[in-house]
Amino acid sequence: QVQLVESGGGSVQAGGSLRVSCGYSSRRNCVGWFRQAPGKAREGVAAIYGAGSSTYYADSVKGRFTISQDYSKNTVYLQMNSLKPEDSAVYYCAAHFVLRSDDCSARFWGADFRYWGQGTQVNVSS
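None of these values were measured; they are calculated from a predicted model.

Visitor: Where do I start with the pattern of salt bridges in this structure?
Guide: Two side chains carrying opposite charge are able to pair once their charged atoms lie near each other. Tallied over the entire structure, the rule returns six salt bridges. Arg 100 is the partner of Asp 103 in a salt bridge, and the nearest nitrogen-oxygen pair spans 4.0 Å. Asp 103 gets classed as partly exposed once you look at its relative accessible area, which sits at 23%. The salt bridge partner of Arg 107 is Asp 112, with a shortest N-O separation of 2.8 Å. The class for Asp 112 is partly exposed, based on a relative accessible area of 42%.

Here's what the structure looks like:
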């Protein structure tokens, strides 16, 4: 069993930055960030394979968000810059073990991860 704990959410004005963190109890080589706003479907934001040999981003966040991993701290980060009100949502991290990067990509785009955290709220005001 893998436990994931998100932290770092909060409130920020449009154009600002936040970094959310995902601490995990046991390493998995594919970790993704997802978000869900009220009344909307959950959507993939970013994912990372291994230490960062491959990363994947939704078009809506490309160039603004950066996913990274620190193995020494068992933590995956999502740095969010130039935030917009439409980025407001509960952000979840998820993890899965895969055999190769293509599997991580497929799981990210299909939101098919075995382990999920409880989420952290991000609010962006205009």
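Visitor: Would you take a moment to explain the sheet that holds strand β3 (residues 18-24) for this structure?
Guide: Note: strands within a sheet are paired through backbone hydrogen bonds, in either parallel or antiparallel orientation. Taken together, four strands build an open sheet; the order of strands is β1-β3-β8-β7 and the sheet is antiparallel. For this open sheet the edge positions go to β1 (4-7) and β7 (65-70), each flanked by a neighbour on one side alone. Adjacent strand axes in the sheet meet at a mean angle of 15 degrees when their direction is disregarded.

Visitor: What should I look at first to understand the state of the cysteines in this one?
Guide: What is meant by a disulfide is a covalent connection between two cysteines, made through their sulfur atoms. The final tally for this structure, using the stated rule, is two disulfides. Two residues, Cys 22 and Cys 93, share a disulfide whose sulfurs are 2.1 Å apart. Here Cys 22 and Cys 93 share a disulfide; its torsion about the S-S bond, 60 degrees, makes the bridge right-handed. Taken together, the residues Cys 22 in strand β3 and Cys 93 in strand β9 (residues 89-96) connect sequence positions 71 residues apart. For Cys 22, a relative accessible area of 0% translates into the label buried.

Visitor: I would appreciate a short explanation of the packing of aromatic side chains in the present structure.
Guide: We describe a pair of aromatic rings using the distance from one ring centre to the other and the angle between the two ring planes. Tallying each qualifying case throughout the model produces five aromatic pairs. These aromatic residues form a ring-pair network of at least three members: Phe 34, Phe 108, Trp 109, Phe 113 and Trp 116. A cation over a ring is seen here: Arg 27 above Tyr 71, with NZ or CZ 3.7 Å from the ring centre.

Visitor: What is the right way to read helix α1 (residues 101-109) from this model?
Guide: Note on helix geometry: an α-helix contains 3.6 residues per turn, so any two residues three or four positions apart are oriented the same way. Residues Cys 104, Ser 105 and Phe 108 constitute the buried set of α1. Down the axis of α1, the buried set is contained in an arc of 100 degrees. They therefore lie on one face. Buried-residue contacts for α1 involve β4 (30-36), β5 (43-49) and β6 (54-57).

How each quantity is defined
Residues numbered from 1 in each chain as written. Predicted model: local features only at pLDDT ≥ 70, side-chain atom pairs only at ≥ 80, totals over all residues. Heavy atoms only, no water. Salt bridge = Lys/Arg side-chain N within 4 Å of Asp/Glu carboxyl O. Buried < 20%, exposed > 50% of the residue type's maximum accessible area, 1.4 Å probe, protein only. Pairing = 2+ DSSP bridges. Helix = DSSP H or I, 4+ residues; strand = E, 2+ residues; numbered from the N terminus. Axes fitted to C-alpha atoms, helices over the stretch in contact; angles between N-to-C directions. Disulfide = S-S within 2.5 Å. Phe/Tyr/Trp six-rings, centres within 6.5 Å; stacked < 30°, edge-to-face > 60°. Lys NZ or Arg CZ within 6 Å of the ring centre and 35° of its normal. Arc of directions from axis to C-beta. Contact = heavy atoms within 4.5 Å.

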